[in-house]
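Working through the structure, step by step
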Amino acid sequence: MKLCSVERVWDEGEHNAFTDLCEFKQALWLCFREAEGHVSDEGDIRILRRGYDENDFSSAALIHIDGIDLRDPKLVQSPDGRLLLTCAGVNRSSERFDLQSFTAWSDDGSSWTELCAQGDANMWLWRSRYLADGAYSVAYNYSLDKVSLYKMDAAGDYQMHLDPLFSLAQNGLAYPNEHDLSLLDDGAALCLLRRDKDSGTGQLGYAKPPYLDWQWQDLGIPIGGPAMLKLDDGRLLCAVRLYQPVRTSLCWLDADQGKLNEVQVLPSDGDTSYPGLVQQGNAIYCSYYSSHEDKTAIYLAELDLSQD
């Protein structure tokens, strides 16, 4: 694919990071955390909107809770036509690590319900994705060498579905954490999973409904901030942080072989990653953040699939 453009779309915060991207109501919706630093006592969720017939993003919403560091917002459109936000909030006022995952809903992307606590305390629901029979999320805890699979019930609350999904005790590999899920045409699902201990190599999981029996492949390389998108033609495109040197890149995923093939390095360096992906016809949009131009800023890359 051809890299057509990279736009610096937001740098108004001291630290602008941890993006996601979603298509909703004929527009791109870009969310991220805006705060004083990579780790700070408070962090806000900023949501930007850009119509496909518009040139610039505009701020649509800012979500804030006094004394809470809101982190890693993720967006997805629900089957009933609403926008679902998933994020985590960290309370740093006590000596212990105090984290709660949240969801919120919007009909228009600008007005949001109050953040609603989800899952178990200190379990980080990383993102929401819709599979064959509803919304799912994979959660991790800094102190536990495992991730667990949660499923949203009819009331919109996440309940434990599979514990563990992947663990040191079960798989012999330590500290699984961030993820993305993708629904395949036959109803099966893939899980792209980050790890950060021992070899640190990413993992690729596969399961058929009801997503209780997973087979795993080792990708052979460390990855960070994984995002995965099944294209209209069936190919699997991933955006991840790669290392040595640190960069945010787009990769084709060969799910049969369990391999990531790097295809496009995005302008990036240092503090970078946490991308989001959207396809619109032959155009691929990738949001991400990077510190390669002094401060951490939010970027949007546009690529053309018709020019392989």
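Now for a quick tour of the structure. (Residues numbered from 1 in each chain as written. Predicted model: local features only at pLDDT ≥ 70, side-chain atom pairs only at ≥ 80, totals over all residues. Heavy atoms only, no water.)

1. Focus: the environment of L242
How we decide: Secondary structure elements are taken from DSSP: a helix is a run of H or I of four residues or more, a strand is a run of E of two residues or more, and numbering for both begins at the N terminus. Between two residues, a contact is recorded if the distance between any of their heavy atoms is within 4.5 Å.
Following the sequence through the fold, L242 ends up in strand β20 (residues 236–242). Counting along the chain gives 11 residues from L242 to L253, while the straight-line C-alpha distance between them is 14 Å. Setting aside residues no more than four positions away along its own chain, L242 makes contact with I221, P222, I223, R247, S249, C251 and E262.

2. Description of the pairing of strand β6 (residues 69–77)
Basically, it comes down to this: For every residue, the accessible area obtained with a 1.4 Å probe (protein chains only) is divided by the maximum for its type, and the residue is called buried under 20%, exposed over 50%, and partly exposed between those limits. At least two DSSP bridges between two strands are needed for those strands to be called paired.
In terms of residue burial, β6 counts as a mostly covered element, since eight of its nine residues are buried. Sheet topology places β6 next to strand β7 (residues 83–91); seven bridges connect them, and they run antiparallel. Paired with R71 across the two strands is A88, which belongs to β7.

3. What about the sheet that holds strand β19 (residues 224–230)?
So the rule is basically this: Axis definition: a line fit to C-alpha positions, over the contact stretch in the case of helices; interaxial angles, taken between N-to-C directions, run 0 to 180 degrees.
Taking strand neighbours across the sheet as the criterion, the four strands line up as β19-β20-β21-β22 in an open arrangement whose pairing is antiparallel. Two strands lie at the open edges of the sheet, namely β19 and β22 (259–265), each paired on one side alone. Between one strand and the next, the sheet's axes are offset by a mean angle of 30°, whatever the strand orientation. In the sheet, β20 pairs with strand β21 (residues 247–254) via six bridges, with the strands oriented antiparallel. Looking across to β21, one finds that R241 is bridged to T248.

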